[in-house]
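Listed below, chain by chain, are the residues.
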Amino acid sequence: MTQLKSNQTEQAGQSKRELAWQVASNLLLSFKYAWAGLRYGFATQRNFRIHVAIGILAISLGIFLRLSPVEMSLIGITIGLVLAMELINTAIESVVDLTVKQTYHDLAKIAKDCAAGAVLVTAMASVLVAGSLLLPPLYALIVQAKLVSIFN
Ligand SMILES: Nc1ncnc2c1ncn2[C@@H]1O[C@H](COP(=O)(O)OP(=O)(O)OP(=O)(O)O)[C@@H](O)[C@H]1O
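Treat the numbers as computed from the prediction; the structure is a model and nothing was measured.

Draft legend 1. A look at the packing of aromatic side chains. One pass over the structure, following the stated rule, counts one aromatic pair. Seen in terms of ring centroids, Phe42 and Phe48 are 6.5 Å apart; in terms of plane orientation they differ by 85°. Their pairing is edge-to-face.

Draft legend 2. Spatial organisation of the site of the ligand. In the vicinity of the ligand, the residues found are Gln45, Asn89, Glu93, Val100, Thr103, Tyr104, His105, Ala108, Lys109, Lys112, Asp113 and Ala116. Between the ligand and the protein, one listed contact pairs an oxygen atom with a side-chain N or O atom of Glu93 at 2.8 Å. In this structure, an oxygen atom belonging to the ligand sits 2.5 Å away from a side-chain N or O atom of Asp113. Secondary structure elements with two or more residues in the shell around the ligand: helix H4 (69-100) and helix H5 (106-151). Ranked by the residues each element gives to the shell around the ligand, the list is headed by H5, at five residues. The residue inventory of the shell around the ligand, partitioned by class, reads four nonpolar, four polar and four charged.

Definitions and cut-offs
Residues numbered from 1 in each chain as written. Predicted model: local features only at pLDDT ≥ 70, side-chain atom pairs only at ≥ 80, totals over all residues. Heavy atoms only, no water. Phe/Tyr/Trp six-rings, centres within 6.5 Å; stacked < 30°, edge-to-face > 60°. Near = heavy atom within 4 Å. Polar contact = N/O pair within 3.5 Å; in protein donor to acceptor, adjacent residues only side chain to side chain. Helix = DSSP H or I, 4+ residues; strand = E, 2+ residues; numbered from the N terminus. Nonpolar A, V, L, I, M, F, W, Y, C, P; charged D, E, K, R; others polar.

So yeah, pure geometry; function would need other evidence.
Rendered as structure tokens:
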């Protein structure tokens, strides 16, 4: 019974791969294609570039404010989530466009709207994380700088 199940899974896996136009034959090639996806996202998606810029700013601010390793990790995970979601959104958009081309379809609208909604959810979460971790020390620094300028 177990053997039968594993044979069926294997067959299903093989038939899926048979539908692929090309399969990356080694790890290096897999990285090459993943890098190509990142480059495509950066070159074509304005929102992706905005998220990268905000991410770099948040990391720089975190280093400047000397956040703890755990706080920096939280910021890093949040940035990664937003960027990954943006790439998944781009992938879904491409598959939808490939499927329905330039025709209107309710399901195409649902797929694209939900993918965009997923990006929005992670972006809002990232604002919450960045606000909670970066704003208090930044505010303290500004207050401290003002006090120093008053007493000098
Ligand atoms: N084929 C389609 N059928 C129905 N609605 C569509 C279709 N293509 C796009 N739309 C609608 O238009 C909106 C914008 O489409 P688009 O392809 O620009 O996605 P987008 O998520 O706004 O893109 P981006 O993430 O690049 O800003 C979609 O969210 C969807 O509501």
